[in-house]
Amino acid sequence: MTDILSYADALKILGCDQSRLVKLVDLASTVSLTGWALAGGARLPMGLLDLRADVVRYTEDVVRRMTGRGGHRFERTQRLAAAHAVIVVSAYFEALGEARLPVGLESLDHTAHPGTGPAERFAALVESLLLTPLPMPEPHRPYEETRQAVQRVHQRMSEAVTAYARGLPLWDKLRAGDRTRLPILLADGAAAQALRVYDEDYRLLSRDNPEFGMWSLVTETPPLGAGLSRVARLLAELAPPRLGDRPMIHLVRLAATALDQPLMSGGTAPEDVTLPLLGEGYISPRCRVAEMTREATPAARSWWNDRRRLPDAEAFLVGHLTSLGATQAPLVVLGEPGAGKSKLAEVLAARLAGSEFLPIRVELRHVVAESTVISQIDQGLRNVLGEEVRFEELVDAGGGALPVVMLDGFDELISSRHDYLEQIQEFQAGQYRVGRPVAVIVTGRTVLADQVRFPEGVLALQLQPFEEDQVRRWLDIWDQTNRALLARHDRVPLSADAALAHGELATQPLLLLLLALHDATGDPVRPDGTGIGRAALYESLIRDFAQREVAKDAAAGGLPPARQRALVDRELVQLGVVALSMFARGRPVAAEAALDADLAAVCGQARRDAGGTVNWARRATRRFFFVHRTEPGDRVPRYEFLHATFGEFLVGWLAVHAVRELVRRHDLLDSELAAAPAQDLDDDLLYAVTSFSCLAERGPAIGFAVELLSALPADVRARAVSLLGALLRESLHERRRRSFTAFEPVRHPVTRRLAAYSANLTLLYAAAAGEPVRVSELLGDGDHLARWASYAHLWRSQLGEDGWNGLLAALPAQRVSEGGERDVLLGGAPEPPAAEGLSWWFDHRMRQRATVLRHRTRAFAERPYLLSLDTDLLADLLADDADLPLVLRPSGNVASATHLVQELLTGGPAGPEERVALYLDAIGAVTAANISGGGRLLGLIAHAVTLDGGALPFAERGRILSELLHGGAEHALLRPLVESMIAERFESWESLVQAGIPEDVLRKIHSP
């Protein structure tokens, strides 16, 4: 619940002309700062009875004349929020006058008790009642929760009145029974009646101000609509459409109007189907909503299961944009690939375009990732309007329309902007200070949400998959659009039952569209749910489009079927190279010249037709799934995929195609050459397409590759496993010559290319094996752990943060031991059994924990010391665990020093007392072990304390710090903990000294 306005704030916003009320509020706010005399307390304008009368009278006037229509959008939002604050306080005063108390209010009036003491107490009471922030309705919370928050306010007000009464001379004259009854009657009588008064006042305000209804969650599922259709009606209820905008504003609104465009605009639709228009075919989503906290893990699907479900996302969006919270922090919209995040932004912008809002949609993939937020908005405006328009100028020209900036796709800059949401919030605060309040909506993939810091309290939505009624509604629209067209080809539109039988393919909006396209243009979808998966759906759809193009050429040139199949494969290879060219550059857009060079380098020299040299880029990108762009002021054609998942699929497909080619070429060799060493294997194509980026850098790409590999025949996969293993073992050795050397979409050092190649060989090996594999089998010699460690260090140092994190997520690993022989198991459970040692994912687990907890202290968030730790230290110590002394735990279990540290860093008890006990046990065990590296091991414990932050009492953290010092922890590794504690409380330095840590030692660790 957001506390925004106090009653005093509300009076200022509403322009209260009740002079006595304003004077009393000013006096009460001044007394606490300057004292009674300097504040002019002798001129106290009224007492308790007069205050009640003025508050109630003013509220009646506010409710009678308040209406949401008229004026600027944000000004109306402020006035409505102020009106709500007024009725919260007024309801209590009205109930207070009607309460049957042992004494009348006139007896409690300070004017009935001469002297400055009662008057000073009354001023303090006014400050408590009228200057305290009050709760506001919020669109993601039910009205009942708002009532509960208001009820708590009324109870606090009763407590304040009781405290005021206890300080009056009257109190000592009351009978003992009346002194007992007064607090009870104020709490149970006045507070309860105040809530009923509040309900009635809220109803009266809602009657003429629809925002009040939208600010409280609508719990009933609304009728299904398309294209956020209810948004237009809800906005129309708030204010009439804007007319007579200045030309600049008109252009911005016109650019946002996309409802009359095809559902997937930018490409050429297949000839046999018609795509529904966006305004018709976009089904309004359902979602879950949550306020971000320190413990939130929004990247995990399971975390969202317990979050509040919103059946009416449209009403929420309108309610949010008309609330004060919209201008204070960004709203984050998350979803799976293809869930409709970008379409939501498009449709919402179109619906807002004709209202009192000014929608500005910025596609983040088309702006400079490192630029400031306002610069990105300016770039987005230039991309849309084709001319330089500054955000400030646009807002000033908007005539009071509230700008709504939609930053679409933070996936494109997440690796370099972990604090992006914080920067957006700072941008909003800066704009608010200069009188340009702005609402911001940010979209991104759920899986990447753990790579950005969420400011405390920021709202996040997760778009939910379609439910059965939504699938049926969308397919009804598809049926209406395509029934006649398909009938001419003796086909019928996809039925809902057949689609629903395919599970996830029918519940994600993009996949449902592709499923319908596949059904209409390829093999009909089977109603039993078999025959097609996600990767197969993409391949079938793309292959079908390629087949159509080849068939046109075949009809003209009489090509035989075998030649046609070869040409279709070549078409897919070309598309894969386009996707790889973008993937390797880390950008979803590629210039025509770059694509021409890359395609020619992989697919051969450009042929010459009668008309001259073939433009490879234009040939490859003429399909339905491409968008052609030309940047404003730049005549160079650029290309991007209609949806990012097309490119991700093609990257995975091309890698698997290269594996198939590796197997095919190897099978063509005779038996003598087949036994040749790995250096002689023809892996040139595989090296060219997998040595620029780790496939796991974009999770869907490796996911598609795994699906495609699993669909290969068992004998092909077996040969692929053998060949990939042989290549991996030789992957870091020099090759005498290679083909495709002209293919260089980005210039990388040799070390980085070798790291990407060896990492991708490992990923493809594990995927082709289809079951967990041991590193000893993969590397095939007795020194496999040392070699594995060298590969892991190479990958970590060269693949970059996205590549390394993606590799860790895509390749679960655990350390195992059998018959005294240690090994690493790839593809097994992502967490090792409790009895086994840590594996190479150890640093990843620590960083996941850091992601959840690091923003507890800004010192740690800004200094990720964790990245510089010797992450093999604990694993190495665990290898010699048998030589370390055991500790008897209070539970009766025994554990070694390293296992205690492992438990701290990868989980352990949640309760503060249990964690403190575990910390002290671990420190004692490490100290008693007297092992080399013990000081660094104690440093790991210090990092765990830093991560826990406020979850542990401050004094206990000081106690643990003292024990770490006495145990011999290295000072450099204690610095983050000391700095985080100093940053938490101003008196931390003295508190640490009081905890027994010598001041000279503290100064060695940190100089204030």
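Our structure's up above, just so we're on the same page.
Here's a quick rundown of the structure. (Residues numbered from 1 in each chain as written. Predicted model: local features only at pLDDT ≥ 70, side-chain atom pairs only at ≥ 80, totals over all residues. Heavy atoms only, no water.)

1. Concerning the overall build of the protein
Moving on, step 1. Secondary structure summary: the protein contains 46 helices and 19 strands in total.
Moving on, step 2. Pairs at least 24 apart in sequence give 76% of the contacts found in the protein among residues at least 6 apart.
Moving on, step 3. Carbon together with sulfur atoms contributes 50% to the accessible area of the protein, which is approximately 41,400 Å² in total. (Helix = DSSP H or I, 4+ residues; strand = E, 2+ residues; numbered from the N terminus. Contact = heavy atoms within 4.5 Å. Areas by Shrake-Rupley, 256 points an atom, 1.4 Å probe, with all protein chains shown as cover.)

2. Structural notes on the pattern of salt bridges
Moving on, step 1. This model, assessed by the stated rule, comprises 43 salt bridges.
Moving on, step 2. For R141, the salt bridge goes to E291, with nearest N and O atoms at 2.6 Å. Within this pair, whereas R141 is found in the loop between β2 (134-135) and α7 (143-166), its partner E291 is found in strand β3 (residues 287-291), the two being separated by 150 residues in sequence.
Moving on, step 3. Assessed through its relative accessible area of 27%, E291 is described here as partly exposed.
Moving on, step 4. With its nearest N and O atoms 2.3 Å apart, the salt bridge here joins E145 to R308. Here E145, found in helix α7, pairs with R308, found in strand β4 (residues 308-310); they are 163 residues apart in sequence, far enough to count as distant.
Moving on, step 5. Residue classification places E145 among the partly exposed positions, given a relative accessible area of 22%.
Moving on, step 6. By relative accessible area, which is 27% here, R308 ends up partly exposed.
Moving on, step 7. A single salt-bridge network, built from bridges that share partners, covers E138, R141, E145, E291 and R308. (Salt bridge = Lys/Arg side-chain N within 4 Å of Asp/Glu carboxyl O. Buried < 20%, exposed > 50% of the residue type's maximum accessible area, 1.4 Å probe, protein only.)

3. Details of the sheet that holds strand β15 (residues 773-774)
Moving on, step 1. Strand order across the open sheet formed by three strands is β15-β17-β16, with antiparallel pairing between neighbours. Looking along the sheet, the strands with just one partner apiece sit at the ends: β15 and β16 (813-818).
Moving on, step 2. By the bridge criterion, two bridges tie β15 to strand β17 (residues 821-826) in an arrangement that is antiparallel. For R774, the partnering residue across the bridge sits in β17 and is L825. (Pairing = 2+ DSSP bridges.)

4. Describing the sheet that holds strand β6 (residues 357-363)
Moving on, step 1. Here we have seven strands laid out as an open sheet, ordered β4-β3-β9-β5-β8-β7-β6, and mixed in their pairing. Each having just a single partner strand, β4 and β6 make up the two edges of the open sheet. For this sheet, the mean angle separating the axes of adjacent strands, direction not counted, is 25°.
Moving on, step 2. Examined bridge by bridge, strand β5 (residues 331-335) and strand β8 (residues 439-445) share five bridges and lie parallel to one another. Each bridged residue has a counterpart across the sheet, and for L334 the counterpart in β8 is G444. (Axes fitted to C-alpha atoms, helices over the stretch in contact; angles between N-to-C directions.)

5. Comments concerning the packing of helix α28 (residues 644-668) against helix α31 (residues 699-710)
Moving on, step 1. Closest axis-to-axis distance for the α28/α31 pair is 8 Å, and the angle between their directions is 45°. By the angle between their directions, the pair α28 and α31 is classed as oblique. Of the two possible hands of crossing, α28 and α31 adopt the one that is right-handed. Counted together, T645, E648, F649, V651, G652, W653, V656 and V659 of α28 and P700, A701, F704, A705, L708 and L709 of α31 form the full contact between these two elements.
Moving on, step 2. Classifying every residue of the contact of α28 with α31 gives eleven nonpolar, two polar and one charged. (Parallel < 35°, antiparallel > 145°, perpendicular 65-115°, else oblique. Left-handed = near helix turned anticlockwise from the far one by under 90°. Nonpolar A, V, L, I, M, F, W, Y, C, P; charged D, E, K, R; others polar.)

6. Looking at helix α19 (residues 420-433)
Moving on, step 1. The terminal C-alpha atoms of α19 lie 20 Å apart, and with 14 residues this matches the ideal 20 Å at 1.5 Å per residue to within 8%.
Moving on, step 2. Every buried residue belonging to α19 is among Y420, L421, E422, I424, F427, Q428 and Q431, and all of these are buried.
Moving on, step 3. Downstream of α19 by one or two residues, G435 has phi in the positive range, about 80°. (Expected span 1.5 Å × (residues − 1).)

7. So, the packing of helix α33 (residues 750-769) against helix α35 (residues 784-798)
Moving on, step 1. Interhelical geometry of α33 versus α35 gives an angle of 120° and a closest axis separation of 9 Å. Of the possible angle classes, the one that applies to α33 and α35 is oblique. Taken as a pair, α33 and α35 cross one another with a handedness that is left-handed. Here T751, R752, A755, S758, A759 and T762 of α33 lie close against α35, whose contacting residues are W788, Y791, L794, W795 and Q798.
Moving on, step 2. Of the residues that constitute the contact of α33 with α35, the class distribution is six nonpolar, four polar and one charged.

8. Looking at the nonpolar core
Nonpolar side chains in soluble globular proteins generally cluster together in the buried interior.
Moving on, step 1. Ranked by size, the top nonpolar core spans 222 residues in total, and within it L51 and L686 carry the most contacts.
Moving on, step 2. Those residues in contact with L51, other than ones at most four positions away along the chain, are L21, L24, M46, F93, F122, V126 and L130.
Moving on, step 3. If you look at the next biggest cluster of nonpolar residues, it comprises 39 residues, including W303, V362, F454 and V458. (Core = buried A, V, L, I, M, F, W, Y, C linked by side-chain atoms within 4.5 Å.)

9. Let's talk about unusual backbone geometry
Moving on, step 1. The backbone phi angle of D490 is positive, close to 55°, even though this residue is not glycine.
Moving on, step 2. You can see D490 is positioned in the loop between α20 (468-487) and α21 (496-500).
Moving on, step 3. Residue classification places D490 among the exposed positions, given a relative accessible area of 74%.
Moving on, step 4. Phi angles above zero are rare outside glycine, and F740 is one such case at about 60°.
Moving on, step 5. Tracing the backbone shows F740 in the loop between α32 (714-730) and α33.
Moving on, step 6. Note on F740: relative accessible area 27%, which makes it partly exposed.

10. Considerations on α35
Residue pairs three or four apart in sequence face the same way in an α-helix, which turns once every 3.6 residues.
Moving on, step 1. Over its 15 residues, α35 extends 21 Å from the first C-alpha to the last, a length consistent with the 21 Å expected when each residue adds 1.5 Å.
Moving on, step 2. Of all the positions in α35, only H784, W788, Y791, A792, L794 and W795 are classed as buried. Taken end-on, α35 shows its buried residues confined to a sector of 160°, consistent with a single buried face.
Moving on, step 3. Among the structural elements, α32, α33, α34 (775-779), α36 (800-810) and β17 are those in contact with the buried residues of α35.
Moving on, step 4. Two residues or fewer past α35, G800 is found with a positive phi of approximately 80°. (Arc of directions from axis to C-beta.)

11. Re the environment of A112
Moving on, step 1. Within the secondary structure layout, A112 lies in the loop between α5 (105-108) and α6 (116-130).
Moving on, step 2. In contact with A112, not counting residues within four places along its chain, are E106 and S107.

12. Focus: the environment of D54
Moving on, step 1. Within the fold, D54 resides in helix α3 (residues 48-65).
Moving on, step 2. Among the residues examined, D54 registers a relative accessible area of 3% and is labelled buried.
Moving on, step 3. Apart from the residues within four sequence positions on either side, D54 is in contact with R20, L21 and M46.

13. Things to note about the packing of aromatic side chains
Moving on, step 1. With the rule as written, the count across this model stands at 17 aromatic pairs.
Moving on, step 2. A centroid spacing of 5.7 Å and a plane angle of 85° characterise the contact between F74 and Y432, whose relative ring orientation is edge-to-face. Of this pair, F74 sits in helix α4 (residues 73-98) while Y432 sits in helix α19, and the two are 358 residues apart along the sequence.
Moving on, step 3. Taking relative accessible area as the criterion, Y432 reaches 40% and is therefore assigned partly exposed.
Moving on, step 4. Among the aromatic side chains, those forming a connected cluster through ring pairs are Y538, F646, F649 and F704.
Moving on, step 5. Directly above the aromatic system of W303 lies the positively charged group of R307, at a separation of 4.2 Å from the ring centroid.
Moving on, step 6. Geometry around Y687 places R738 over its ring, the cationic atom sitting 3.9 Å from the centre. (Phe/Tyr/Trp six-rings, centres within 6.5 Å; stacked < 30°, edge-to-face > 60°. Lys NZ or Arg CZ within 6 Å of the ring centre and 35° of its normal.)

14. A look at the pairing of strand β9 (residues 459-463)
Moving on, step 1. Burial of β9 is extensive: five of the five residues sit out of reach of the surface.
Moving on, step 2. Here β9 shows two buried faces, one formed by L459, L461 and L463 and the other by A460 and Q462.
Moving on, step 3. Both β5 and β9 contribute to a ladder of three bridges, which runs parallel. Bridge pairing links L334 to Q462 in β9.

15. Quick look at the side chain of E336
Moving on, step 1. Considering the arrangement of structural elements, one finds E336 in the loop between β5 and α16 (341-352).
Moving on, step 2. Given the relative accessible area of 16%, E336 is considered buried.
Moving on, step 3. One polar contact links E336 to R301, side chain to side chain, over a distance of 3.3 Å.
Moving on, step 4. Sequence-distant contacts of E336, that is, excluding residues within four places in its chain, are made with R301, K341, T446, Q462 and Q508. (Polar contact = N/O pair within 3.5 Å; in protein donor to acceptor, adjacent residues only side chain to side chain.)

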